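# Fold and geometry: a report
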Amino acid sequence: MLRHLFTIICLFTSYLSISQFTEISTEEEIFIIQEGCLWGNGASFYDYNHDGWDDLTTADGSDFVRFYENTGDGHFQTSTINLNIAFTGQIVGVLWLDIENDGDEDLLITQNMGRVLLFVNDGNFNYTECAVASGLPSQSYFHFGISAADYDNDGFIDFTIAKYYNPTIQGGFEYTSRLYHNDGDGTFTDVTATSGLLATPKNNIYVQFSRLQ
């Protein structure tokens, strides 16, 4: 019994020794400015310059997306991607996802008090904003967190977006968080109602796909 207990303690101690993390964002000059967004902002990793190292993209709660290039030696440096658009709201969520299955991930952005933005990547550092043309709403809401998954296993990535709801100034089911189905042709369909998710609006900040079985 004591031998088994000693083995468990050793394994647990070993687990702790390899699971330590050090906060290095200040050292790497990775800053997130939470202007008007009290609940934090999104971040997403993707090797957008195709050098074999995952780069970091962050939302800073203002009208600016920050890009940090992984230098491959454990460090990051500030870089720039020209999205050619003026943001109208506070940028809260950022997520890289390949909506076209062309091998180049595209950039989905949510705005607090702004509309959803979708930048399609042509693979040559050129990005075209096509959210409305893709079937996403043109209206401004309190858009917050994003989560993506191929929930119906058709081979195309779908996503859900959290909407914040304040009953004192808003009303109606249009403020319910949304589920968008990727139709496989560059467009999306709002399937919130048909999938049974059109519920009474809540103060949602984040959404997450999970595998339950």
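Attention here is on the structure that accompanies the text. A quick note: this is a predicted structure, and the numbers were derived from the prediction, not measured.

Criteria and thresholds
- Residues numbered from 1 in each chain as written.
- Predicted model: local features only at pLDDT ≥ 70, side-chain atom pairs only at ≥ 80, totals over all residues.
- Heavy atoms only, no water.
- Helix = DSSP H or I, 4+ residues; strand = E, 2+ residues; numbered from the N terminus.
- Buried < 20%, exposed > 50% of the residue type's maximum accessible area, 1.4 Å probe, protein only.
- Contact = heavy atoms within 4.5 Å.
- Salt bridge = Lys/Arg side-chain N within 4 Å of Asp/Glu carboxyl O.
- Patch = residues over 30% accessible without salt bridge, like charges linked within 9 Å, V, L, I, M, F, W, Y side chains within 5 Å.
- Areas by Shrake-Rupley, 256 points an atom, 1.4 Å probe, with all protein chains shown as cover.
- Lys, Arg positive; Asp, Glu negative; His and termini not counted.
- Charge placed at Lys NZ, Arg CZ, Asp CG, Glu CD.
- Phe/Tyr/Trp six-rings, centres within 6.5 Å; stacked < 30°, edge-to-face > 60°.
- Lys NZ or Arg CZ within 6 Å of the ring centre and 35° of its normal.
- Polar contact = N/O pair within 3.5 Å; in protein donor to acceptor, adjacent residues only side chain to side chain.
- Core = buried A, V, L, I, M, F, W, Y, C linked by side-chain atoms within 4.5 Å.
- Pairing = 2+ DSSP bridges.

### Some points on the overall build of the protein
When you go through the protein residue by residue, the secondary structure sums to one helix and twelve strands. Counting helices and strands in the order they occur from the N terminus, the protein gives α-β-β-β-β-β-β-β-β-β-β-β-β. Classification of the 213 residues of the protein by burial places 41% in the buried group. Across the protein, contacts joining residues at least 24 apart in sequence account for 48% of those joining residues at least 6 apart.

### What about the pattern of salt bridges?
Scanning the entire structure with this criterion turns up two salt bridges. For the salt bridge of E129 with R115, the shortest nitrogen-to-oxygen distance reads 3.0 Å. You can see E129 sitting in strand β8 (residues 127-129) and its partner R115 sitting in the loop between β6 (106-114) and β7 (117-121), a full 14 residues away along the chain. With relative accessibility at 23%, the residue E129 sits in the partly exposed group.

### Quick word on a negative patch on the surface
A contiguous patch of negative charge on the surface is contributed by D152, D154, D183 and D185. Of note, D152 is situated in the loop between β9 (141-149) and β10 (158-163).

### Things to note about the packing of aromatic side chains
For the structure shown, the criterion picks out six aromatic pairs. Taken together, a centroid distance of 5.4 Å and an interplanar angle of 40° make the contact between F159 and Y180 tilted. Taken together, the residues F159 in strand β10 and Y180 in strand β11 (residues 178-182) connect sequence positions 21 residues apart. Assigned by exposure class, F159 and Y180 land together as buried. In textbook terms, an aromatic cluster arises when at least three aromatic residues are bridged by ring pairs, as seen for Y46, Y48, F67, W96 and Y127. Against the face of Y141 rests K163, its NZ or CZ located 3.7 Å from the ring centre.

### Side note on the side chain of N121
Looking at the secondary structure, you find N121 in strand β7. Residue classification places N121 among the buried positions, given a relative accessible area of 2%. Here the side chain of N121 touches E105 through a polar contact of 3.1 Å, landing on its backbone oxygen. Here the side chain of N121 touches G123 through a polar contact of 2.7 Å, landing on its backbone nitrogen.

### Quick notes on the nonpolar core
Ranked by size, the top nonpolar core spans 16 residues in total, and within it F67, L83, F87, W96, L107, I109 and F119 carry the most contacts. Of all the elements in the fold, those that place two or more residues in this core are β3 (65-70), β5 (90-97), β6 and β7. Looking at which element gives the most residues to this core, the answer is β5, with three residues. Residues within four places of I109 in sequence aside, it is in contact with V65, L83, F87, I91, G93, V94, R115, V116, L117 and F119. Core analysis: the next-biggest nonpolar cluster, separate from the first, contains 15 residues, L97, V116, A131 and F188 among them.

### Examining the environment of N166
Inspection of the secondary structure puts N166 in the loop between β10 and β11. Judged by its relative accessible area of 23%, N166 is partly exposed. N166 sits 24 residues away from F142 along the chain, and the two C-alpha atoms are 9.3 Å apart.

### Looking at the pairing of β6
Counting buried residues along β6, eight of its nine residues qualify, which places the element largely inside the surrounding structure. Pairing of β5 with β6 involves seven bridges; the strand directions are antiparallel. Paired with W96 across the bridge in β6 is L107. Relative to β7, β6 runs antiparallel, the two being bridged by three bridges. Within β7, the residue paired with L107 across the bridge is F119.

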